[in-house]
Amino acid sequence: MTDHEIEELLGAYALDAVTDIERRQVERALDLDPRLRAEADELVAVSLVLAGDLAPDEPAPDHLWATIEAEISPPAVGPIHRRRPIRRRLAAAAGAAAVAIVAVLAVTVFLQRTEISDLREDPLASAVEETADRAGAITMTLSGDTTVDVVLGPDGVGYVLGDELPALDADSTYQLWAIVDDRVISAGVLGAEPAVSPFRVDGPVAGFALTVEQAGGVVSSEQDPIAVGLLEG
Amino acid sequence: MPRTGDHDEAALVAAAHGGDSAALERLYRLHGGAVHGLARRLLRNEALADDVTQEVFVRLWRRGDRFDPNRGTLRSFLLRDAHGRAVDLLRAETARRSREETDGRRSSAVAPGPEQEVWDLVRSDHVREALESIPERERQAIALAYYRGLSYKQVAEALGEAEGTVKSRIRSGLKRLQGPLTQRGLTET
């Protein structure tokens, strides 16, 4: 994405009207360019007036604090498992989960043909960019308790952009699962603090799921996925 | 620059991020109502507003290092986060409705809906006057994006405009809004 294209996106960025991938691209550009940062800050300041206008001065709901407190209680990895998925109700309404592993998850899939060119500082950036630009490649956002982007090339080589995932304890790891022919197979053990992680999967992929497992990963998961995405059709 | 009182909140955020649940509770008591109210007005659903509020404060606990007091108040930081999470849910709902329209009837997945719905969300006369002062097409694009949670691509589809045109209108509209809002002392910068 060029500087001009980033500049054109700043208004939409300020209003949260961009995709997760575009938001990443804009924010990386803002880190590198003070002029863009200054304009973005001005536009965000305007959007914050709209937000402030929407937000009433009222007391915080008492009943919610107990829920939040339970969620932040140790052990550190526990909250991710115990957490009530934010989109569960919407998913239930949609009746969208047809594959066993996603039975308890919400599904939001954004299929995009997206350029990813502002990951230059990452050593795998050019490989991610090349893959995303190939014909037949897809970029999707897995969502649930957290969100994570996955780029999958037509040859089955893909990348998880896990740099925004919260760090886990050292005895835990993120693990990526691919849904292939109604089977759920491990696509990679990503570690406790993943950045950009390559993986390979053979066969027609119907979707991906992300779980938190014990360090080293597992052969088959008994955990609820913390994010999932299905390919439509 | 941080303002008076912001230092206290920054210290509370740091304490919460360091594992002090009492600090997080204090921040929740200070800002939870505004976060919940914003989410409830956008989503028109109490339970989903609960989810958004919970997520915003758990994220503050886990990723409090993302808050920089030099770049704005904590309230603004939390409201921006809440808007982003609420928009995620609005888009998921839009996508669900779109998937349900599979009976051959071709209709827009993101019909704009009555403009009155958007105007009902605007509470302050100052904000309303500022929005009314900019060209209608810019106002329409901003309203659909911000109050209805549509992406600029969805706004373009809903309005039958090119994506580039919508991006430009949102950007120029926000710049145009800056003047009247700043004059009324409503912006932070």
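These lines cover the structure that appears in this document, whether it is placed above or below. Remember, predicted model here, so these are calculated numbers, not experimental data.

Definitions and limits used
Residues numbered from 1 in each chain as written. Chains lettered and ligands numbered in written order. Predicted model: local features only at pLDDT ≥ 70, side-chain atom pairs only at ≥ 80, totals over all residues. Helix = DSSP H or I, 4+ residues; strand = E, 2+ residues; numbered from the N terminus. Buried ≥ 20, exposed ≤ 12 C-beta atoms within 10 Å, placed from the backbone. Contact = placed C-beta atoms within 7 Å. Expected span 1.5 Å × (residues − 1). Nonpolar A, V, L, I, M, F, W, Y, C, P; charged D, E, K, R; others polar. Pairing = 2+ DSSP bridges.

## So, the overall build of chain B
Inference 1: Looking only at helices and strands, chain B features 9 helices and 0 strands.
Inference 2: When its helices and strands are written in sequence order, chain B yields α-α-α-α-α-α-α-α-α.
Inference 3: Within the span of chain B, comprising 189 residues, buried residues form 44% of the whole.
Inference 4: Intrachain contacts of chain B at a sequence separation of at least 6 include 64% that bridge at least 24 residues.

## Considerations on helix H2 (residues 21-43) of chain B
Inference 1: A rise of 1.5 Å per residue sets the reference length of H2(B), with its 23 residues, at 33 Å; its end C-alpha atoms lie only 28 Å apart and thus fall more than 12% short of the reference.
Inference 2: One or two steps after H2(B), the chain reaches B:Arg44, where phi turns positive at roughly 55°.

## Digging into the interface of chain B and chain A
Inference 1: Taken together, the contact between chain B and chain A spans 61 residues of the former and 46 residues of the latter.
Inference 2: The set of elements that each furnish at least two residues to the side of chain B that touches chain A consists of H2, helix H3 (46-62), helix H4 (74-100), helix H7 (136-146), helix H8 (152-159) and helix H9 (163-183) of chain B.
Inference 3: The element best represented in the side of chain B that touches chain A is H2(B), accounting for 13 residues.
Inference 4: Broken down by class, the residue content of the side of chain B that touches chain A amounts to 29 nonpolar, 16 polar and 16 charged.

## Quick notes on the pairing of strand S8 (residues 227-230) of chain A
In the case of a regular strand, side chains alternate between the two sheet surfaces.
Residues and elements named next belong to chain A.
Inference 1: A two-sided burial pattern is seen for S8, the buried positions comprising Ala227 and Gly229 on one face and Val228 and Leu230 on the other.
Inference 2: As defined by bridge partners, strand S1 (residues 138-144) adjoins S8 across 2 bridges and the pair is classed as antiparallel. What sits directly across from Gly144, in S8, is Ala227.
Inference 3: Where strand S7 (residues 205-214) lies against S8, 4 bridges are found, and the strand directions are antiparallel.

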